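Results of the structural survey
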Amino acid sequence: AETSVEEDRVHILNTIVGCSVENLNAVPPTRHGKYEEFNNNFRGSFASSVAALQNAVTESDRGWNKVIKAFSKGAVRGLMVLDFKSGGIFDGLTGARATQLVAHLPLTIDRLHIWNAEYYGIEFWDALIERVQQFHNVKELTIEKMLVVGEDGGQDVGLMLAKMLSTNTTIE
């Protein structure tokens, strides 16, 4: 970490690792797991913004993957809305990228709304169900206007969703 004032850098790093007020001036460790956790949360906050996700949609695969990786490591709380409607920010998102997006949802979100996911195959729904099962404290899951495209697996997806909901202890 770099700052314009060395004392600020020491205080920031020691605060990140959880030093007490009495130890804020101590020489901070050069490496610590809390640094990586902080960086992941910080990057994830930016990657979770509508603007970042909107820009990522038009990026190369390398740029897309970088944003999605940061997105997944974020500590975003609250409501996450993924609206795949025509003309929306995810309009034209390929099935592979839509699947990657739901497979990398931050595990810390409280509420998830997915709308207009009418153009994706069973892989999308498998990835979504698997990710929701990993969530730490999601309380609300809303899925509207869904369709399993090009597959005979629509009934299977419905059964998998029902099973996931019946075993989830956090969704109200």
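Residues numbered from 1 in each chain as written. Predicted model: local features only at pLDDT ≥ 70, side-chain atom pairs only at ≥ 80, totals over all residues. Heavy atoms only, no water.

1. Focus: the nonpolar core
One recurring pattern in soluble globular proteins is that nonpolar side chains are buried together. One finds L82, F84, L93, L101, L105 and L112 to be the most contacted residues of the largest nonpolar core, which totals 37 residues. Of all the secondary-structure elements, those providing two or more residues to this core are α3 (50-57), α4 (61-72), β1 (79-83), α5 (95-103), β2 (111-115), α6 (122-134) and α7 (154-167). If you tally residues by element for this core, the top one is α6, at seven residues. Setting aside residues no more than four positions away along its own chain, L93 makes contact with V57, W64, F84, A98, L101 and Y120. (Core = buried A, V, L, I, M, F, W, Y, C linked by side-chain atoms within 4.5 Å. Buried < 20%, exposed > 50% of the residue type's maximum accessible area, 1.4 Å probe, protein only. Helix = DSSP H or I, 4+ residues; strand = E, 2+ residues; numbered from the N terminus. Contact = heavy atoms within 4.5 Å.)

2. Thoughts on the pairing of β2
Relative to β2, β1 runs parallel, the two sharing five bridges. The residue of β2 that forms the bridge with D83 is W115. Assessed by its sense of winding, the connection that carries the chain from β1 through α5 to β2 is right-handed. Alignment of β2 against strand β3 (residues 140-144), held across five bridges, turns out to be parallel. Counterpart to W115 in the pairing with β3 is E144. Between β2 and its parallel partner β3, the chain crosses via α6, and the hand of that crossover is right-handed. (Pairing = 2+ DSSP bridges. Right-handed = clockwise from strand over helix to strand, strands pointing away.)

3. Side note on the packing of aromatic side chains
In this structure the tally under the stated criterion is five aromatic pairs. Relative to Y120, the ring of F84 has its centre 5.3 Å away and its plane inclined at 75 degrees; by these criteria the two rings are edge-to-face. Here the residue F84 occupies a position in the loop between β1 and α5, and Y120 occupies one in the loop between β2 and α6, the gap between them amounting to 36 residues. Note on accessibility: F84 and Y120 belong to one class, buried. Consider the rings of F124 and W125, whose centres lie 4.8 Å apart with planes at 85 degrees: the pair is edge-to-face. Residues F124 and W125 agree in their burial class; the two are buried. Here the aromatic cluster, defined as three or more aromatic residues joined through ring pairs, consists of F84, F90, Y120, F124 and W125. (Phe/Tyr/Trp six-rings, centres within 6.5 Å; stacked < 30°, edge-to-face > 60°.)

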